[in-house]
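So the chains spell out like this:
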Amino acid sequence: GAGVSQTPSNKVTEKGKYVELRCDPISGHTALYWYRQSLGQGPEFLIYFQGTGAADDSGLPNDRFFAVRPEGSVSTLKIQRTERGDSAVYLCASSLTPESGANVLTFGAGSRLTVL
Amino acid sequence: QKEVEQDPGPLSVPEGAIVSLNCTYSNSAFQYFMWYRQYSRKGPELLMYTYSSGNKEDGRFTAQVDKSSKYISLFIRDSQPSDSATYLCAMSWTGANNLFFGTGTRLTVIP
């Protein structure tokens, strides 16, 4: 597609429930990232995929968070047993893998998660 | 201490003013410096991208990097109401898997 698409745009759930957030990256972008942005803060790195594999998941806060990208395109971020502290905007970004230098990320509009 | 520090503002200026936005950082390995603009309820969009020290100009926007002081700036000339947004600095190094962001500065340009 023309840009990074994220669904749902808004999700309200109850504490303890399971949620899935979906990201459809720009066609041809091999790298995919998930970030979390809390109110009044900058985005914080969660996980990075190169192709189908999670190349770096060091930002995932705990084992309730998991992400997959089974076919190297669409990715799903999964959160189990949600807590009120998980409330945030979850941003997905994608990029081409550069030959050198830093990746230039294109972000989606985000999925706003509210845990009641 | 966070690796990237940014004054969250908010910052309000009259239309036409010159705006100065700044970030400091602690990790001397950072080589790539970016400014993202984020409108309310939208994702960040890349505004400026610079490598190492120096200046880069794009229209009304100028990015400056001073690696010796670990200090980066974004200047906006002739500010417009449409510039009202949150401005995020971000930085990284060669081969890094992610960007390190500041908290963002919320800017309002008053007509």
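Before going into details, it helps to say that this report is about the structure given with it. Keep in mind that what you see is a predicted model, and the values were worked out from it rather than measured.

With that out of the way, let us pick up the side chain of Gln38 of chain B. Relative to the elements of secondary structure, Gln38 of chain B occurs in strand E4 (residues 32-38). Looking at Gln38 of chain B, its side chain comes within polar contact range of the side chain of Gln37 of chain A, at 2.9 Å. For Gln38 of chain B, the side chain forms a polar contact with the main-chain oxygen of Lys42 of chain B, separated by 2.9 Å. Once residues within four sequence positions are removed from consideration, Gln38 of chain B is found in contact with Gln37 of chain A together with Gly43, Pro44, Ala85, Thr86 and Leu88 of chain B.

Turning our attention to the side chain of Asp86 of chain A. By the element assignment, Asp86 of chain A lies in the loop between strand E8 (75-79) and strand E9 (88-95). Here Asp86 of chain A is in contact with Arg36, Arg64, Phe65, Ile79, Leu113 and Val115 of chain A, once residues within four sequence places are set aside.

Another point: the sheet that holds strand E1 (residues 4-6) of chain B. Strands pair in a sheet through their backbones, by hydrogen bonds, and they do so in one of two ways: parallel or antiparallel. Residues and elements named next belong to chain B. Read from one edge to the other, the open sheet built from 5 strands follows the order E1-E3-E8-E7-E6, with strand pairing classed as antiparallel. Each edge of the open sheet is held by one strand with a lone partner, namely E1 and strand E6 (54-58). Averaged over all pairs of adjacent strands, the angle between their axes in this sheet comes to 15°, without regard to strand direction. Where E6 meets strand E7 (residues 61-66), 5 bridges bridge the pair, whose relative direction is antiparallel. Paired with Glu57 across the strands is Thr62, a residue of E7.

Taken as a whole, the largest pocket spans an internal volume of roughly 760 Å³. At the level of secondary structure, the elements contributing two or more residues to the lining of the largest pocket comprise E9 and strand E11 (111-115) of chain A together with strand E9 (85-92) of chain B. Top contributing element to the lining of the largest pocket by residue count: E11 of chain A, with 4 residues. Residue composition of the lining of the largest pocket, grouped by class: 10 nonpolar, 17 polar and 4 charged. When its volume is computed, the second largest pocket comes out at roughly 290 Å³. Lining the second largest pocket are 14 residues; nearest its centre among them are Pro43, Glu44 and Phe45 of chain A together with Phe100 and Phe101 of chain B. Broken down by secondary-structure element, the contributors of at least two residues to the lining of the second largest pocket are strand E5 (44-50) of chain A together with strand E10 (100-101) of chain B.

This part covers the pattern of salt bridges. For the structure on display, the rule yields 5 salt bridges over all chains. Between Asp86 of chain A and Arg64 of chain A there is a salt bridge, with the nearest N and O atoms lying 2.8 Å from each other. Separated by 22 residues along the polypeptide, Asp86 of chain A in the loop between E8 and E9 and Arg64 of chain A in the loop between strand E6 (53-56) and strand E7 (65-68) bring together distant segments of the chain. Residue Arg64 of chain A is classed as buried on the basis of its relative accessible area, which comes to 5%. With a closest N to O distance of 2.9 Å, Asp83 of chain B and Arg60 of chain B form a salt bridge. With Asp83 of chain B in the loop between strand E8 (71-76) and E9 and Arg60 of chain B in the loop between E6 and E7, this residue pair connects regions lying 23 residues apart in the sequence. Overall, the relative accessible area of 1% leaves Asp83 of chain B in the buried class. Via salt bridges that share partners, Arg64, Glu83 and Asp86 of chain A belong to a single interconnected network.

What follows concerns the state of the cysteines. Residues and elements named next belong to chain A. Considering all chains together, one arrives at 2 disulfides over all chains under this definition. The disulfide partner of Cys23 is Cys92, and the gap between their sulfur atoms is 1.9 Å. Between Cys23 and Cys92, the disulfide has an S-S torsion of -70° and is therefore left-handed. One end of the pair, Cys23, is in strand E3 (residues 19-24); the other, Cys92, is in strand E9, and 69 residues separate them in sequence.

What follows covers the sheet that holds E3 of chain A. Residues and elements named next belong to chain A. Judged by pairing direction, the sheet is antiparallel, and its 4 strands sit side by side in the order E1-E3-E8-E7 without closing on themselves. Of all strands in the sheet, those with a lone pairing partner are strand E1 (5-7) and E7, marking the two edges. Looking at each pair of strands side by side, their axes are set apart by 15° on average, direction ignored. Where E1 lies against E3, 3 bridges are found, and the strand directions are antiparallel.

Here is what the cut-offs are and how they apply
All residue numbers here refer to positions counted from 1 along the written sequence of the relevant chain. Lettering for chains starts from A, numbering for ligands starts from 1, and both go in the order in which the items are written. In view of the model being predicted, local features appear only for residues whose pLDDT reaches at least 70, and side-chain atom pairs are presented and counted only at 80 or more, with totals across whole chains, interfaces and linings using the full set of residues. Water and hydrogen atoms play no part in the side-chain values, which are based on all heavy atoms of the structure. Going along the chain from the N terminus, every DSSP run of H or I of four or more residues is numbered as a helix, and every run of E of two or more is numbered as a strand. As used in this structure description, the phrase polar contact means that two N or O atoms lie within 3.5 Å; if the pair is within protein, one of them must be able to donate a hydrogen and the other to accept it, and residues adjacent in sequence are counted only when both atoms belong to side chains. It only takes one pair of heavy atoms within 4.5 Å for two residues to be counted as in contact. Two strands pair if DSSP finds at least two bridges between them. Angles here are taken between N-to-C directions and fall from 0 to 180 degrees, while the axes themselves are lines fitted to C-alpha atoms, restricted in helices to the stretch in contact. Within this scheme a cavity is a closed region of a 1 Å grid, computed over the protein atoms alone, that accommodates a 1.4 Å probe without allowing it to escape, whereas a pocket is open but has protein on both sides within 12 Å along at least five of seven lines; lining residues each have an atom within 4 Å of a point. Grid points are joined across faces, edges and corners, and a volume is the space filled by probe spheres set on the points. Classification convention: Asp, Glu, Lys, Arg as charged; Ala, Val, Leu, Ile, Met, Phe, Trp, Tyr, Cys, Pro as nonpolar; all other residues, Gly among them, as polar. Here, a salt bridge means any Lys or Arg side-chain nitrogen found within 4 Å of an Asp or Glu carboxyl oxygen. Accessibility here uses a 1.4 Å probe with only protein chains present; expressed as a share of the type maximum, an area under 20% marks a residue as buried, one over 50% as exposed, and anything in between as partly exposed. The disulfide criterion used throughout: a pair of cysteine sulfur atoms within 2.5 Å.

Such coordinate-based values are descriptive only and should not be taken to indicate function.
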